[in-house]
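Coordinate analysis (summary)
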Amino acid sequence: MADFPSKVTTETSVPNSQNSHGGNSIRGLAGSVSSRVDFSFIRSIPAMLMIAEIVFGLLHWALIAGTSIVGGAYGWVLFVAITLWILTTILFFIILFGVTQKLPAVPWPLTVMVYFSAATVLYLTAFITNAAYVPHHMTPYYGHLAAAAFFGAAVTLVYGASAFFSYFDWKGDGGNAATNTVPT
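Residues numbered from 1 in each chain as written. Predicted model: local features only at pLDDT ≥ 70, side-chain atom pairs only at ≥ 80, totals over all residues. Heavy atoms only, no water.

As annotated in an unreviewed UniProt entry, the chain is Plasmolipin from Oreochromis aureus. According to the UniProt record, the Sequence similarities (unreviewed entry) comment for the chain is "Belongs to the MAL family." According to UniProt, the comment filed for the chain under the heading Subunit (unreviewed entry) is "Forms oligomers." (UniProt positions renumbered as here; feature names shortened; annotations may be inferred.)

This is the structure we're talking about:
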């Protein structure tokens, strides 16, 4: 026990570390978060499509949930809309914070392509159901349900575009014919 020093310090050698007054805790947290965010993803087409899916999806299910119609066909529409809205939001933050690089065992391009393809099919069924059950006579909720059908169509198209781009990402093509020419 003679080799053990009498005073042990656990402070790291990082400059501007937190002191007992808590001076740089907010600045350190902001720097830590901003260093983990993939800003190139935010400026990409897939990120813009995901943001559109989140916004239009929220409008879609909020318009239906704002009516007093419960169950039946609208139960399926709400299930699809809310579930895919939550999953898309989670997937957006997974990609934004670079979790895909920390889990290399997961085939992310394939996973994302399968997710967006399944979401497109599910949202197509939800949109068709939503549009088919909009009452043709003027009811107090006609405007809500018609607008929900419109946003259901918009979200379906955006999910389809995401599936299209994720297919090229999975295939590794990138969509540029000039970069993929192989001399024969």
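The subject of this paragraph is the packing of aromatic side chains. If you walk through the whole model with that rule in mind, you get 14 aromatic pairs. Consider the rings of Phe 93 and Phe 97, whose centres lie 6.1 Å apart with planes at 15°: the pair is stacked. Residue Phe 97 is classed as partly exposed on the basis of its relative accessible area, which comes to 30%. Between Phe 150 and Phe 151, the aromatic rings sit 5.2 Å apart at their centres with planes inclined by 70°, giving edge-to-face as the arrangement. By the ring-pair criterion, three or more aromatic residues cluster together here, those being Phe 164, Phe 165, Tyr 167, Phe 168 and Trp 170. (Phe/Tyr/Trp six-rings, centres within 6.5 Å; stacked < 30°, edge-to-face > 60°. Buried < 20%, exposed > 50% of the residue type's maximum accessible area, 1.4 Å probe, protein only.)

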